[in-house]
Amino acid sequence: MKVLVVGGAGYIGSHVVHAFLSAGHDVTVFDNLSSGQLINLVPGTGFIAGDIRHPDDLDAAFSRGFDAFVHLAAFKAVGESMSEPEKYSVNNLSGTINILNAACAHGCKRMVFSSSAAIFGSPQYLPIDEAHPANPESYYGFTKLEIERILAWYDRIRGLRFAALRYFNAAGYDPDGTVLGLESNPQNLLPIIMEVAMGWRKELQIFGNDYDTRDGTCVRDYVHVSDLARAHVLALETIDREDESLTVNLGSETGITVTEMLETAREVTGVEIPARYVDRRPGDPSELYATSAHAKKRIGWEAELSDCKTLISSTWDVYRKHQTAEK
Ligand code: WQD
């Protein structure tokens, strides 16, 4: 298929591009490079510089004729979404509506949407399945949920068939070393641990060690980004074949604590990685993990690379390539 990957120069997007290319699809990236990077562009892909806030950019892109698109162009910082919701309204909500309108106007009616476990809020039960009530606790999570609802209406009215993929904690890098861009000012646990290991940050602050978990630190479901990327291909092929939309949770089904991640990172890197316990971070649920039984049934997907060591070693390999980079 001829696929447009909107946000394809970002951390997850570039892995998605790689997965589509490996599966034999023809890929073009659309990105404004606000957080995406040219270094992430996989050789063999087309590139369109454009912004989802500008309908004309999208109209020009979709006029080239695509069979399907993947939408990963969103701001994703939970804290920032609570202090600057306007940014998230314009980019995540209006930007998505612009994409949908341009795609439908040009008859492109197959899409994969990058949704998030953030739509669920604090879990009412574990593991989290697709039927778990959606109750986002951040404006970011709200934008993802709202888009899922808009997609259901575009399906009904315009015949747009979509796959909404609710990622749990994306981590890791392509083990083949095709993606090299580091996120600048990362907000998530593993890249922060890596920055400490590299000596770019003084220490890891562990947000709370008095949770009711096996070692007192929070449990999360970290899923390898290459596993996530593969799910996009399977999901698109499924909706195309079945002409029916779908929504699935994507997790590894394995909970890892902050301390376990840190200890494994010390082991893999051979670096001490200074760390210190600090207060809990507001809004952090103690435990979050998914069941991916539905993803297995619906798109034939399960995590393969998401064990703690592979997550860390694949990330460390990329950070080490940046050893001489100035920070
Ligand atoms: C993981 C764990 C922290 C940093 C977020 C979004 C979610 C989804 C995935 C996109 C938590 C602890 C972290 C640090 C720490 N994103 N931690 N010290 O919050 O689980 O999920 O990313 O859709 O919507 O909320 O991820 O990586 O921030 O934190 O102790 O310096 O690491 O408390 O337990 P989170 P995270």
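All of these numbers come straight from a predicted model, not from anything done at the bench.

K.L.:
For helix H1 (residues 11–22), give the residues involved together with the corresponding values.
P.N.:
Between the first and last C-alpha of H1 there are 17 Å, a value that for 12 residues agrees with the 16 Å anticipated at 1.5 Å per step. Buried residues dominate H1, accounting for 10 of its 12 residues. Looking at H1, one finds that the buried residues are Tyr 11, Ile 12, Gly 13, Ser 14, His 15, Val 16, Val 17, His 18, Ala 19 and Phe 20. Looking at the buried side of H1, the elements it contacts are strand S1 (2–6), strand S2 (26–31), strand S4 (68–71), strand S6 (161–167), strand S7 (169–171) and helix H7 (225–242).

K.L.:
Can you break down the site of the ligand residue by residue, with the values?
P.N.:
In the region of the ligand, 19 residues are neighbours, and Ser 116, Tyr 140, Gln 205, Arg 220 and Asp 284 sit closest. In this structure, Asn 169 approaches the ligand through a side-chain N or O atom, which is 3.0 Å from an oxygen atom. Between the ligand and the protein, one listed contact pairs an oxygen atom with a side-chain N or O atom of Asp 284 at 2.5 Å. For the ligand, whose free accessible area comes to 680 Å², the fraction covered by protein is 87%.

K.L.:
Could you give an account of the side chain of Asn 249, with specific residues and numbers?
P.N.:
Tracing the backbone through its elements, the reader meets Asn 249 in strand S10 (residues 246–250). For Asn 249, a relative accessible area of 0% puts it in the buried group. Here the side chain of Asn 249 touches Asp 129 through a polar contact of 3.3 Å, landing on its backbone oxygen. If sequence neighbours within four positions are ignored, Asn 249 has contacts with Phe 120, Ile 128, Asp 129, Glu 130, Arg 166, Phe 168, Ala 290, Thr 291, Ser 292 and Ala 295.

K.L.:
Please give an account of the sheet that holds strand S9 (residues 219–224) that cites residues and values.
P.N.:
Ordered by their spatial adjacency, 3 strands build an open sheet running S7-S9-S11, and the pairing between neighbours is mixed. In this open sheet, the two edge strands, each paired with only one partner strand, are S7 and strand S11 (255–257). Taking each pair of neighbouring strands and ignoring which way they run, the sheet shows an average axis angle of 55°. Each of S7 and S9 is contacted by H7, which is oriented at about 65° to S9, the strand it contacts most.

K.L.:
Can you break down the packing of aromatic side chains residue by residue, with the values?
P.N.:
Applying the stated criterion across every chain yields a total of 7 aromatic pairs. Their ring planes at 85° and their centres at 6.5 Å tell us that Phe 62 and Phe 66 sit as a pair that is edge-to-face. The exposure class assigned to Phe 62 is buried, which follows from its relative accessible area of 1%. What links up through ring pairs into an aromatic cluster is the set Phe 62, Phe 66 and Phe 69. Lys 87 extends its terminal NZ or CZ atom over the ring of Phe 75, reaching a point 4.6 Å from the ring centre.

K.L.:
Residues and numbers for the side chain of Ser 81, please.
P.N.:
Note that Ser 81 resides in helix H3 (residues 78–83). Under the relative-accessibility criterion, Ser 81 is labelled buried at 1%. A polar contact is formed between the side chain of Ser 81 and the backbone oxygen of Val 78, at a distance of 2.7 Å. Among the polar contacts listed, one links the side chain of Ser 81 to the backbone nitrogen of Tyr 140, at a separation of 2.9 Å. Other than its neighbours up to four places away in sequence, Ser 81 contacts Tyr 88, Ser 138, Tyr 139 and Tyr 140.

What counts and what doesn't
- Residues numbered from 1 in each chain as written.
- Predicted model: local features only at pLDDT ≥ 70, side-chain atom pairs only at ≥ 80, totals over all residues.
- Heavy atoms only, no water.
- Helix = DSSP H or I, 4+ residues; strand = E, 2+ residues; numbered from the N terminus.
- Expected span 1.5 Å × (residues − 1).
- Buried < 20%, exposed > 50% of the residue type's maximum accessible area, 1.4 Å probe, protein only.
- Contact = heavy atoms within 4.5 Å.
- Near = heavy atom within 4 Å.
- Polar contact = N/O pair within 3.5 Å; in protein donor to acceptor, adjacent residues only side chain to side chain.
- Areas by Shrake-Rupley, 256 points an atom, 1.4 Å probe, with all protein chains shown as cover.
- Pairing = 2+ DSSP bridges.
- Axes fitted to C-alpha atoms, helices over the stretch in contact; angles between N-to-C directions.
- Phe/Tyr/Trp six-rings, centres within 6.5 Å; stacked < 30°, edge-to-face > 60°.
- Lys NZ or Arg CZ within 6 Å of the ring centre and 35° of its normal.

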